[in-house]
Amino acid sequence: HMKGAIFDLDGVIVNTAKYHYLAWRSLAADLGFEFTEAHNERLKGVSRMRSLDILLEIGGLEFDEAEKAAMAERKNRRYVDYISRLDDSELLPGVREYLGRLKERGIGIALGSASKNAVFILDKLKITGLFDAVVDGNTVSRAKPDPEVFQTACRRLGLQPADCVVFEDAEAGVAAARAAGMRVVGIGKREMLAEADVVITGLHEL
Ligand code: B16
Ligand code: MG
């Protein structure tokens, strides 16, 4: 019996991956190499600094920590430029309806995202008020697949792991939920999310 629902953001509530992609691609172009959509798949659910490391590995480039911090900052400014134009028309299908239904049933709703821009995005999508707890990249120190983000969300809902269901689109996120002892609904392709309890294509299926 589910008492709390914890949602990942990118890939579950909104497709921000396409804006991450445009911003990373433009950074790669500045550095003189091509960054493809296939490369971008490797960044889903991954923290900003880890994403940069993967990108630089693809480009075969190395920089020191200060240079990397400046690059991550530059990427983020471009990304924030894109997402500042987001609105509720970009909510993925079924999101508002499903969250509304959970609310009516008295189920606790939390966000469990790696993004440091999560609060800004929820505001743009006009769904901040639906969340009882928001746990994001500013709150936690250990990235998925570490369970910290979901454990914190569950605690903030005042619940036990066994009461919570996590909705995730990334392999690392599914692993994090599993490590937290929670049930997981995978959003995406079965092959990618083999560890999930069930896999659906989106919240509109529920
Ligand atoms: P930011 P999620 C993740 O969101 C994205 O999937 C990932 O591509 C991104 O690098 C990460 O957030 C950090 O985002 O640069 O905004 O802090 O899927 O955990 O909601
Ligand atoms: Mg995600």
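Residues numbered from 1 in each chain as written. Chains lettered and ligands numbered in written order. Predicted model: local features only at pLDDT ≥ 70, side-chain atom pairs only at ≥ 80, totals over all residues.

By the naming in an unreviewed UniProt entry, the protein goes by Beta-phosphoglucomutase and is assigned to Paenibacillus sonchi. According to the UniProt record, the Sequence similarities (unreviewed entry) comment for the protein reads "Belongs to the HAD-like hydrolase superfamily. CbbY/CbbZ/Gph/YieH family." (UniProt positions renumbered as here; feature names shortened; annotations may be inferred.)

Q: Any chance you could explain the site of ligand 1 here in plain terms?
A: The environment of ligand 1 is made up of 20 residues, and the closest members are Leu 9, Asp 10, Ser 113, Ala 114 and Lys 116. Residue composition of the shell around ligand 1, grouped by class: five nonpolar, 10 polar and five charged. (Near = placed C-beta within 6 Å. Nonpolar A, V, L, I, M, F, W, Y, C, P; charged D, E, K, R; others polar.)

Q: Is there a simple way to think about helix H7 (residues 148–156) in this case?
A: Residues lying three or four places apart along an α-helix face the same way, a consequence of the helix completing one turn every 3.6 residues. Taken together, the buried positions of H7 are Val 149, Phe 150, Gln 151, Ala 153 and Cys 154. Those residues of H7 that are buried lie in contact with strand S1 (4–7), strand S2 (108–112), strand S3 (133–135), strand S4 (164–168) and helix H8 (171–179). Count one or two residues on from H7 and you reach Gly 158, which has phi positive near 75 degrees. (Buried ≥ 20, exposed ≤ 12 C-beta atoms within 10 Å, placed from the backbone. Helix = DSSP H or I, 4+ residues; strand = E, 2+ residues; numbered from the N terminus. Contact = placed C-beta atoms within 7 Å.)

Q: Would you mind showing me how to read the nonpolar core here?
A: One broad trend across soluble globular proteins is that nonpolar side chains are buried collectively. Ranked by size, the top nonpolar core spans 42 residues in total, and within it Ile 6, Phe 7, Leu 9, Phe 150, Ala 153, Val 166 and Ala 177 carry the most contacts. If sequence neighbours within four positions are ignored, Phe 7 has contacts with Val 12, Ile 13, Leu 111, Gly 112 and Phe 167. In terms of nonpolar packing, the next biggest core, distinct from the first, is built from 11 residues, Tyr 21, Ala 23, Ala 28 and Tyr 79 among them. (Core = buried A, V, L, I, M, F, W, Y, C linked by C-beta atoms within 7 Å.)

Q: Just checking my understanding: could you explain unusual backbone geometry for this structure?
A: Across the chain, the bulk of peptide bonds are trans and the bulk of non-glycine residues have phi less than zero. For the bond running from Lys 144 to Pro 145, omega is 20 degrees, close enough to zero to count as cis. By the secondary structure assignment, Pro 145 is in the loop between S3 and H7. Located in the positive-phi region is Lys 126, a residue other than glycine, with phi close to 60 degrees. Within the secondary structure, Lys 126 is located in the loop between helix H6 (118–124) and S3.

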